Amino acid sequence: MAFSSALRSGRRLSGLASWMSSGSSRGRVCVPPILITQQRNQSSSSKIKVDFDQSTGVAVMHMQSPPVNSLSLDFLTEFCISLEKLEMDKGCRGLIITSSQPKVFSAGLDILEMYGKSPERCGEFWKAVQEMWLKLYGSDMVTIAAINGSSPAGGCLLSLVCDYRIMADNPRYSIGLNETLLGIVAPFWFKDTLQNIVGYRNTDISLQLGLLYKPSDALKIGLVDQLVPEDQILTTATQTMSKWLAIPEHARQITKSMMRQSTIDKLRSNREADIQNFVSFITKESIQKSLRMYMEMLKQKKA
Amino acid sequence: MAFSSALRSGRRLSGLASWMSSGSSRGRVCVPPILITQQRNQSSSSKIKVDFDQSTGVAVMHMQSPPVNSLSLDFLTEFCISLEKLEMDKGCRGLIITSSQPKVFSAGLDILEMYGKSPERCGEFWKAVQEMWLKLYGSDMVTIAAINGSSPAGGCLLSLVCDYRIMADNPRYSIGLNETLLGIVAPFWFKDTLQNIVGYRNTDISLQLGLLYKPSDALKIGLVDQLVPEDQILTTATQTMSKWLAIPEHARQITKSMMRQSTIDKLRSNREADIQNFVSFITKESIQKSLRMYMEMLKQKKA
Amino acid sequence: MAFSSALRSGRRLSGLASWMSSGSSRGRVCVPPILITQQRNQSSSSKIKVDFDQSTGVAVMHMQSPPVNSLSLDFLTEFCISLEKLEMDKGCRGLIITSSQPKVFSAGLDILEMYGKSPERCGEFWKAVQEMWLKLYGSDMVTIAAINGSSPAGGCLLSLVCDYRIMADNPRYSIGLNETLLGIVAPFWFKDTLQNIVGYRNTDISLQLGLLYKPSDALKIGLVDQLVPEDQILTTATQTMSKWLAIPEHARQITKSMMRQSTIDKLRSNREADIQNFVSFITKESIQKSLRMYMEMLKQKKA
């Protein structure tokens, strides 16, 4: 099975480091400083760019928050507002989510939102993560993730709540819920989402070991549905979308809701407790220490 | 994974049409008119023929309702009476279900029972569908589906409630819960039955897209257990049955019941609500319109 | 799928017999009488030998109860005491379970504990089986089964509750929950444990038919995680363990608990009813007769 080979090669540890170094080395090496500044300005004004084609009813959401599309409170807020707008537009029937940042789809939850913050602020952040999950997992639209880069932790989750996952077939990229490796724990609804896709046992191993899978291994366990060369990822996503949109819409929506409802209800009815649980865990001194060490390791990688 | 290739080839749409055209072209082209008449008379008197071999304890149920073994109210009533008789006969320990109609196992629920009928009649029909499912899924007998033709929607369901599925290895045949393509929705207990066999993710994709699988793809996801050349299907089913019947019977029955009980209980405790749900959905004007268009498409295919 | 080939070859029946004959032929043919005596003395004083390496934090539990590590009440009691000791030792973080008996990991529940015993004694025995399951499945330690021989029924269960299973790649060995073949029924928590690993459908077929899988088939359905040559099994288990122990411990433990909790709670809240259920089933005259016939068949094999 894929995880045993992943385990043997020890890829999960190097994988974790690789999306970070690739995220940073890209900034350091390939892009002139002036461009970085421009990019960041652009990013601070708008972390998400939406292209909506009224003729096809398909929106493409480009995540463009340098350097690695971290899911900060600002990012999540903008994400949810964009999603709501599209959801309310009757003409919008399909959503493709992709990244404008090279080599990374999304690096997941922004560690800065979890380190050295007040319990209130941590709670607000977590509520925004829940909101993103609830809105996207329960969306009536067809949702396709065009995963054109690495996608660890919350980045992986973002793709898991979509209806279909197409990943760039680049062995340098990796994907998985690797929270355990950071000393933190994927909550039950991350777990439920993953389990709905890859089953109990793959989830058990994935979460206990914090595994990151390279694309070919992700395909084997069904974590992604399809691999394509990176330059064909949007074309393929668009073609796939048109097939999904050919399905009678009302019947598809009811069916999607039937499949996801119990998983969604579980979070809805435990939302406050889940926030309390997160806040009390993340503000523990030992966990804060882990996060600090982790960030220092990242800084050394960049230096 | 199998569904992505099924998706790419667009087989689900052509597959849906193919069992229809094959059902009709058979009548038009290959069989002399006199034979058709005889067949239909025979069929009107008895839609199901049961051969019970007392020496082996195995009954073979031949579905013989031309042209495509549609699950009408009459068919379902006769099916359940036959099943009850076998169930009460202590000597009958195994049941093989197969089709006497060429190229089709069963085309599923009879659309004529859902179009232009009173709510009362629709409710009566749906109750009979539930009854068939409850009786067969909860049967103490070993049940094997010998799928010697296409098996869409309710025809697929009929095979899913058996203990084991052997399908004819003919790429022209297809199988799957493709209700969504007709603009209708597979109810939760169709979904549960499929999910018990192929898991959550395959069910999600199958139902959202209304996929029909050719035999080799059905085998890949475990929708059927075994493929054999069409002329060996009954021999193989009989041999498989004798292996199942060699298992200590009481222990096997308790085990089967333990595996299926929670799924059965879920329908039993929601039976009335499920009927109401079906009736209010199927009698909607928009759904009736979908069904009418669908039947007109079928007529044009036959013409 | 693996089970259809297993079914076709009729391996489950021969497999069941093979660990028995191998267990006995070893005693009769290969080992001088004096050695058997020594071994048995050693075994009577201690059915389990624990080697704990404080430098690595890893304990290896050698099951050494001749001839086939049957799970008797005495064995289970000693097993649980050993496990508790390790669990309380903060320095012990990983547990490898293996067998000192040739050709067999464990033959499962000791039939002598179920035959001709009082209801009270049967209840006491069953409580000990539950205890073993609860302690091992809920363990905070990383647990790896090094399956160096056949592992039917309760022996298979013992490996299923571990975090990871490495099996000797010897086609003469087999593994599976084959209770049905003995005319008895795997209880719901055996079923839940198996289903968590191989999914619903594989569990359905496995339990209904009492299938024993040879190692390569067990690997295919995920019943074991890895196959290695028999002489490398402990080395591989030790290497795998060191990778698991490199994962942040607290996060891994919480994750493990999240994955297993609902399955554990289900037995905890039904423990008494499950004991009553076992006792009333196993003390039935018909079941006692099955067990007697089974033991006579074993005796004839040995003779």
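Of regular secondary structure, chain A possesses 12 helices and 8 strands. Every one of the 303 residues in chain A was classed for burial, and the buried ones make up 60%. In chain A, the proportion of contacts linking residues at least 24 apart, taken out of those at least 6 apart, comes to 76%. In the structure as shown, chain A presents an accessible area of about 11,600 Å², 54% of it carried by carbon and sulfur atoms.

We now examine the pattern of salt bridges. Charged atoms that come close allow side chains of opposite charge to pair. Tallying each qualifying case throughout the model produces 45 salt bridges over all chains. With a shortest N-O distance of 2.8 Å, A:D225 and B:R201 are connected by a salt bridge. Within this pair, whereas A:D225 is found in the loop between α8 (215-220) and β8 (226-228), its partner B:R201 is found in helix α7 (residues 188-209), the two belonging to separate chains. Comparing A:D225 with B:R201, the two get one shared label, buried.

With that settled, consider the interface of chain C and chain B. Taken residue by residue, the interface counts 26 residues in chain C and 23 residues in chain B. The junction of chain C with chain B conceals about 2,200 Å² of combined surface from both sides, 64% of it contributed by carbon and sulfur atoms. With its nearest N and O atoms 3.2 Å apart, the salt bridge here joins B:R260 to C:D204. Taken together, the links from chain C to chain B amount to 6 residue pairs in polar contact (both at pLDDT 80 or more). When contributions to the side of chain C that touches chain B are tallied by element, the ones reaching two or more residues are α1 (2-9) and α7 (188-209) of chain C.

It takes a turn of 120° to lay chain C on chain A, together with a shift of 0.0 Å along the axis; the resulting RMSD is 0.0 Å. Taken together, these values place the two copies in the relation of a three-fold axis. Considering only C-alpha atoms, the part of chain C nearest the rotation axis is C:G199, at 4.4 Å.

Within this structure, the stated rule accounts for 24 aromatic pairs over all chains. When the ring of B:W126 is compared with that of B:F190, the centres are 6.2 Å apart and the planes differ by 10°; the resulting orientation is stacked. Of this pair, B:W126 sits in helix α5 (residues 119-137) while B:F190 sits in helix α7, and the two are 64 residues apart along the sequence. An aromatic cluster of at least three residues, connected via ring pairs, comprises A:W126, A:W133, A:Y137, A:W189, A:F190 and A:F278.

Here we take up unusual backbone geometry. Note the cis peptide between A:P66 and A:P67, where omega equals 0°. Relative to the helices and strands, A:P67 is located in the loop between β2 (58-63) and α4 (73-88). Phi at C:N69 is positive, roughly 50°, even though this residue is not glycine. The residue C:N69 is located in the loop between β2 (58-63) and α4 (73-88) in this model.

Another aspect to go through is the pairing of strand β4 (residues 142-147) of chain A. All names here are of chain A. Burial analysis of β4 places 6 of its 6 residues in the buried class, which makes it a mostly covered element. Covered by surrounding structure in β4 are V142, I144 and A146 together with T143, A145 and I147, the residues of both alternating faces. As defined by bridge partners, strand β3 (residues 94-99) adjoins β4 across 4 bridges and the pair is classed as parallel. Bridging from a neighbouring strand, I96 pairs with I144 of β4. In terms of handedness, the path from β3 via helix α5 (residues 119-137) over to β4 forms a crossover that is right-handed. As judged from the 4 bridges shared by β4 and strand β6 (residues 164-168), these two strands associate in the parallel manner. Residue pairing across strands places I147 opposite M167, the latter belonging to β6.

All names here are of chain B. Burial analysis of strand β4 (residues 94-99) places 6 of its 6 residues in the buried class, the great majority of the element. Here β4 shows two buried faces, one formed by G94, I96 and T98 and the other by L95, I97 and S99. Note: strand β2 (residues 58-63) against β4, 6 bridges, orientation parallel. Looking at the pairing, V58 lines up with G94 of β4.

Helix length check: helix α11 (residues 271-282) of chain A, at 12 residues, gives a terminal C-alpha distance of 16 Å against a target of 16 Å (1.5 Å per residue), a fit within 8%. Along α11(A), the residues classified as buried are A:R271, A:D274, A:I275, A:F278, A:V279, A:F281 and A:I282. For α11(A), the buried positions fall inside an angular range of 165° around the axis, keeping them on one side. In α11(A), the exposed positions that point more than 90 degrees away from the buried face belong to A:E272 and A:A273. Where α11(A) is buried, its residues contact α5, α7 (188-209), α10 (249-268) and α12 (285-302) of chain A together with α10 (249-268) of chain C.

To continue, consider the interface of chain C and chain A. Taken residue by residue, the interface counts 23 residues in chain C and 26 residues in chain A. Surface buried jointly by chain C and chain A totals about 2,200 Å² across both partners, of which 63% is contributed by carbon and sulfur atoms. At the boundary of chain C and chain A, one finds 2 salt bridges. The interface formed by chain C and chain A contains 6 residue pairs in polar contact (both at pLDDT 80 or more). At the level of elements, β6 (164-168), α7, α9 (233-245) and α10 of chain C are the ones that each hand at least two residues to the side of chain C that touches chain A. Tallying contributions element by element places α10(C) first for the side of chain C that touches chain A, with 9 residues. A class-by-class count of the residues in the side of chain C that touches chain A yields 10 nonpolar, 6 polar and 7 charged.

The rules we used
Residues numbered from 1 in each chain as written. Chains lettered and ligands numbered in written order. Predicted model: local features only at pLDDT ≥ 70, side-chain atom pairs only at ≥ 80, totals over all residues. Heavy atoms only, no water. Helix = DSSP H or I, 4+ residues; strand = E, 2+ residues; numbered from the N terminus. Buried < 20%, exposed > 50% of the residue type's maximum accessible area, 1.4 Å probe, protein only. Contact = heavy atoms within 4.5 Å. Areas by Shrake-Rupley, 256 points an atom, 1.4 Å probe, with all protein chains shown as cover. Salt bridge = Lys/Arg side-chain N within 4 Å of Asp/Glu carboxyl O. Buried area = accessible area lost by both parts, 1.4 Å probe. Polar contact = N/O pair within 3.5 Å; in protein donor to acceptor, adjacent residues only side chain to side chain. Least-squares fit on C-alpha atoms with pLDDT ≥ 70 in both. Phe/Tyr/Trp six-rings, centres within 6.5 Å; stacked < 30°, edge-to-face > 60°. Pairing = 2+ DSSP bridges. Right-handed = clockwise from strand over helix to strand, strands pointing away. Expected span 1.5 Å × (residues − 1). Arc of directions from axis to C-beta. Nonpolar A, V, L, I, M, F, W, Y, C, P; charged D, E, K, R; others polar.

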